[in-house]
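Below, each chain spelled out in residue letters.
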Amino acid sequence: MGVERILHPSFPKEAAEPYLELDLRGYWVFLGYLNQKYIEDTRELLASSPLGPDQCLVLLGSDGKRERHAQSKTDIAIVQRSSPGNLSSQGFMDSFDRTHIKNFTEVFDLQLFEEPEVKTVGDPTLMVSDAYPYVFAGEKRRIYPDRMLNTVYLLGNQDVYTEARRQVLREMTDNDKRSGVIRRELVKQLKSYRKCMETGLYRDRPTFTQDPPFQYYDEDPEIYSTGFKIGFLRTMQRFLDIAVVVGIQQGFFSIDEAVVNLPTTSPDRITYLCGKGLFNGAKRCEGAVDSYLWFLQQYHFAQELYKRTRHKVKLEFDAGEFQTQMTVMEEFTRKGYLSPKRNFLSQ
């Protein structure tokens, strides 16, 4: 591979070096350093936030997984117990706008209704696994337990953060009807993402093609495409969420242990779950980590191109290496790579 893959001649060579010169583990170290800096900067930026005593702030999404590229905005949420002293999401934003040069909406990722998500623990009518439960209910319900499970604590009441992690793990693993709905949704999502891995299409839009070997990235809503994100990164992430459920239900580890020790990053979660005996073979786990990192590095390369050019990205990739890494990921995320104990993936 070389810089000749870049389709924009004005793209500076040094900007491509992390994606072309660093090996996979080196890139993960590099990315970890950048994301730790993002976390520290965000914590400092929000240090004066007037949260209530039963609230905390967390970073979601790629921030929570410590794999955000600078092209993506920071994804933040308020986590709280029900309390009259809680600061509303609008009040949180207003406070930020009064004390900072840039408005909250310019700094943070607010895809829905221009307010940060609020997650309430301890309320039997609300599921921490649900995204924006105050807005999406019934048939429109959006079930994403990983949004809370894979978060970074930022500031505020840390006990509330711990409670939220415990609650989402219980929601994923209980034997009641509501938990069954969550597990079925996880499997449904995994199947959808694996289909994208196989076809390169997501919601009828190309994310990549194998012949010719190109990854496509464009944030224009009319032709929105995020390259390797859905078919590969999401496939592994959702498979690991399912593996966590299996691990708890089959007694590989407890909820209390997972609350404290379960990593939020995908490579570290693979290693953690492998160490618990959940997967068949440490060598396969190492291969799965490398596969995830390969697709992550390539995805970030596309994001870097888009960030600097603001044009639709059509990024060539190494077809042979792609096939190798795709095979590893496809095989690893099959149900057969979980322990031989029966689990709900095989039901």
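Please refer to the structure higher up on the page.
About the thresholds
Residues numbered from 1 in each chain as written. Predicted model: local features only at pLDDT ≥ 70, side-chain atom pairs only at ≥ 80, totals over all residues. Heavy atoms only, no water. Helix = DSSP H or I, 4+ residues; strand = E, 2+ residues; numbered from the N terminus. Rg over C-alpha atoms; globule rule 2.2 N^0.38 Å. Buried < 20%, exposed > 50% of the residue type's maximum accessible area, 1.4 Å probe, protein only. Contact = heavy atoms within 4.5 Å. Areas by Shrake-Rupley, 256 points an atom, 1.4 Å probe, with all protein chains shown as cover. Lys, Arg positive; Asp, Glu negative; His and termini not counted. Charge placed at Lys NZ, Arg CZ, Asp CG, Glu CD. Phe/Tyr/Trp six-rings, centres within 6.5 Å; stacked < 30°, edge-to-face > 60°. Lys NZ or Arg CZ within 6 Å of the ring centre and 35° of its normal. Core = buried A, V, L, I, M, F, W, Y, C linked by side-chain atoms within 4.5 Å. Pairing = 2+ DSSP bridges. Axes fitted to C-alpha atoms, helices over the stretch in contact; angles between N-to-C directions.

1. Topic: the overall build of the protein
Thinking step 1. Of the regular secondary structure elements, the protein holds 13 helices and 10 strands.
Thinking step 2. Here the C-alpha radius of gyration of the protein, 20 Å, is about what a compact globule of 347 residues would show, namely 20 Å.
Thinking step 3. Buried residues in the protein amount to 55% of all 347 residues.
Thinking step 4. In the protein, the share of contacts with a sequence separation of at least 24, taken over all contacts with a separation of at least 6, comes to 70%.
Thinking step 5. Per element, the accessible surface of the protein, about 15,800 Å² overall, is 49% carbon and sulfur.
Thinking step 6. For the protein, the distance from the average position of its 46 positive side-chain charges to the average position of its 48 negative side-chain charges is 5 Å.

2. Quick word on the packing of aromatic side chains
Each aromatic ring pair is described using two quantities: the centre-to-centre distance and the angle formed by the ring planes.
Thinking step 1. According to the stated counting rule, one finds 28 aromatic pairs in the structure shown.
Thinking step 2. Centroid distance Phe 208 to Phe 228: 5.7 Å. Interplanar angle 65 degrees. Geometry classified as edge-to-face. Remark: Phe 228 occurs in helix H9 (residues 228–249) and Phe 208 occurs in strand E7 (residues 208–209); sequence separation between them is 20 residues. Of the two residues, Phe 208 and Phe 228, neither departs from the other in class, the shared state being buried.
Thinking step 3. Note on Tyr 217 and Tyr 299: the rings are 6.1 Å apart at their centroids and 55 degrees apart in plane angle, and the pair reads as tilted. Of this pair, Tyr 217 sits in strand E8 (residues 214–218) while Tyr 299 is found in helix H12 (residues 282–309), placing the two residues 82 residues apart along the sequence.
Thinking step 4. Of the aromatic side chains, those joined through ring pairs into one cluster are Phe 208, Phe 228, Phe 232, Trp 294, Phe 295, Phe 317 and Phe 322.
Thinking step 5. A cation over a ring is seen here: Arg 142 above Phe 136, with NZ or CZ 4.0 Å from the ring centre.
Thinking step 6. In this structure, Lys 314 packs its charged tip against the face of Phe 214, placed 4.6 Å from the ring centre.

3. Observations regarding the nonpolar core
One recurring pattern in soluble globular proteins is that nonpolar side chains are buried together.
Thinking step 1. One finds Leu 169, Phe 228, Phe 232, Leu 273, Phe 279, Phe 295 and Phe 322 to be the most contacted residues of the largest nonpolar core, which totals 78 residues.
Thinking step 2. Top contributing element to this core by residue count: H12, with 13 residues.
Thinking step 3. Filtering out sequence-adjacent residues up to four positions away, Phe 295 remains in contact with Phe 228, Phe 232, Leu 233, Phe 322, Gln 325, Met 326 and Met 329.
Thinking step 4. Core analysis: the second largest hydrophobic core is formed by 18 residues, Leu 46, Leu 51, Phe 96 and Val 152 among them.

4. Side note on the sheet that holds strand E3 (residues 117–121)
In a beta sheet, neighbouring strands pair by backbone hydrogen bonds and run either parallel or antiparallel.
Thinking step 1. In spatial order, the strands read E3-E2-E1-E4; together these 4 strands make up an open sheet with mixed pairing. The open sheet terminates on both sides in strands that have one partner only, identified here as E3 and strand E4 (152–156). Neighbouring strand axes in the sheet, compared pairwise and without regard to direction, differ in orientation by 30 degrees on average.
Thinking step 2. Sheet analysis places strand E1 (residues 55–59) next to strand E2 (residues 76–81), joined by 5 bridges and oriented antiparallel. Looking across to E2, one finds that Leu 57 is bridged to Ile 78.
Thinking step 3. Packed onto the sheet, helix H7 (residues 158–173) meets E1, E2, E3 and E4 and runs at close to 95 degrees relative to E2.

5. Examining the pairing of E8
Each regular strand shows side chains that alternate between the opposite faces of the sheet.
Thinking step 1. Taking burial as the measure, the 5 residues of E8 include 5 buried ones, the bulk of the element.
Thinking step 2. Residues of E8 alternate between two faces, with Phe 214, Tyr 216 and Asp 218 on one and Gln 215 and Tyr 217 on the opposite face, all of them buried.
Thinking step 3. Two strands pair when backbone bridges link them, and E7 and E8 are joined in this way by 2 bridges, in the antiparallel orientation. From the neighbouring strand, Phe 208 faces E8, where its bridge partner is Gln 215.
Thinking step 4. In this structure, E8 lies alongside strand E10 (residues 313–316), joined through 4 bridges in antiparallel fashion. Across the sheet, residue Phe 214 finds its bridge partner in E10, namely Glu 316.

6. Details of the environment of Asp 159
Thinking step 1. Within the secondary structure layout, Asp 159 lies in helix H7.
Thinking step 2. In the structure, Asp 159 is positioned 107 residues away from Ser 266 in sequence and 24 Å away in space, judged by C-alpha atoms.

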